[in-house]
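One letter stands for each residue in the lines below.
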Amino acid sequence: QVQLVESGGGLVQPGGSLRLSCAAFGFTFSGYAMRWYRQAPGKERELVAFISSSGGSTNYADSMKGRFTISRDNTKNTVYLQMSSLKPEDTAVYYCHTIVRLHNYWGQGTQVTVSS
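Residues numbered from 1 in each chain as written. Predicted model: local features only at pLDDT ≥ 70, side-chain atom pairs only at ≥ 80, totals over all residues. Heavy atoms only, no water.

**Let's talk about the sheet that holds strand E7 (residues 68-73)**
The 4 strands lie next to each other as E1-E3-E8-E7, forming an open sheet whose pairing is antiparallel. The sheet is open, and its two edges are formed by strand E1 (3-7) and E7, each paired on a single side. Put simply, the sheet's adjacent strands are angled 15° from each other on average, direction ignored. (Pairing = 2+ DSSP bridges. Helix = DSSP H or I, 4+ residues; strand = E, 2+ residues; numbered from the N terminus. Axes fitted to C-alpha atoms, helices over the stretch in contact; angles between N-to-C directions.)

Written as C-alpha cells, this is what we have:
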C-alpha cells in the first residue's frame, strides 16, 4: 500500500522558518517524482514544489521561489520542504504527493500557521 506521512508543521512567527518532512511507504521511492501542495481554507489546492526522482531537478511556484527549498533523501524514503521568511499568507495545510501507476497519492497533511 502506498502511504505518505507528513510531519513538522506548527505555529511560527512571520519571518520564521520551518522544515516539513514526508515519509513514504509501499513503493520504490527512488523511482518517483515527489511534490508538495498546500491548501488554505476556502481556496484551491496549489502546487508548492516539485522534485525529480533523483533529486536532480526542482521547480517552485513563483511565490515560493527564493524562500522554499525541496529536497529528498532516497536512502531514508523521505522528501523535505524547508521554508524560510514565512508570511501569514503561507498559512495552509501542506500535503505530500506522488503518482504511482497513474494514480495520485496524498498524505494526510500537516498544518502550518504563520502568525504573530
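**Considerations on the environment of Ile99**
Tracing the sequence through the fold places Ile99 in strand E9 (residues 92-100). On a C-alpha basis, the gap between Ile99 and Val2 in space is 9.9 Å, while along the polypeptide they are 97 residues apart. Discounting chain neighbours no more than four positions away, the residues touching Ile99 are Tyr32, Arg35 and Asn104. (Contact = heavy atoms within 4.5 Å.)

**Looking at the pairing of E7**
Two faces, one strand: in a regular strand the side chains alternate between the faces of the sheet. Every second residue of E7 is oriented toward a common face, the buried set being Phe68, Ile70 and Arg72 and the non-buried set Thr69, Ser71 and Asp73. Between E7 and strand E8 (residues 78-83), which pair antiparallel in sequence order, lie 4 residues; one of them, Asn77, sits at a positive phi of approximately 50°. (Buried < 20%, exposed > 50% of the residue type's maximum accessible area, 1.4 Å probe, protein only.)

**Quick word on the state of the cysteines**
Any covalent bond linking the sulfur atoms of two cysteines counts as a disulfide. The tally for this structure, following the rule as stated, stands at 1 disulfide. Between the sulfur atoms of Cys22 and its disulfide mate Cys96 the distance is 2.1 Å. Of note, the bridge from Cys22 to Cys96 carries an S-S torsion of about -85° and is left-handed in sense. Taken as a pair, Cys22 in strand E3 (residues 18-25) and Cys96 in strand E9 lie far apart in primary sequence, 74 residues in all. Taken as a pair, Cys22 and Cys96 share a single burial class, namely buried. (Disulfide = S-S within 2.5 Å.)

**Focus: the nonpolar core**
Soluble globular proteins: nonpolar side chains tend toward being buried together. In this structure, Trp36, Val79, Leu81, Met83 and Tyr94 are the most contacted members of the largest nonpolar core, which totals 28 residues. Breaking this core down by element, the ones donating at least two residues are E3, strand E4 (34-39), strand E5 (46-51), E7, E8, E9 and strand E11 (110-114). With sequence-adjacent residues up to four places away left out, Tyr94 is seen in contact with Glu6, Leu20, Trp36, Tyr37, Arg38, Val48, Phe68, Leu81, Met83, Gly109, Thr110 and Val112. (Core = buried A, V, L, I, M, F, W, Y, C linked by side-chain atoms within 4.5 Å.)

**So, the packing of aromatic side chains**
Any aromatic ring pair is given by two values, namely how distant the centres are and how the planes are angled relative to each other. Evaluated as defined, the whole model comprises 4 aromatic pairs. Between Phe27 and Phe29, the ring centres sit 6.3 Å apart and the planes meet at 55°, which makes this aromatic pair tilted. A single burial state applies to Phe27 and to Phe29, both of which are buried. Here the aromatic rings of Tyr37 and Trp106 are separated by 5.0 Å at their centres, their planes lie at 65°, and the arrangement is edge-to-face. Linking Tyr37 in strand E4 with Trp106 in strand E10 (residues 103-106), this pair joins segments that are 69 residues apart in sequence. For Tyr37, a relative accessible area of 18% translates into the label buried. Of the aromatic side chains, those joined through ring pairs into one cluster are Phe27, Phe29 and Tyr32. When the ring centre of Tyr95 is taken as origin, the NZ or CZ atom of Arg45, which lies over that ring, is 4.0 Å away. Sitting over the face of the ring of Trp106, Arg45 holds its NZ or CZ atom 4.4 Å from the ring centroid. (Phe/Tyr/Trp six-rings, centres within 6.5 Å; stacked < 30°, edge-to-face > 60°. Lys NZ or Arg CZ within 6 Å of the ring centre and 35° of its normal.)

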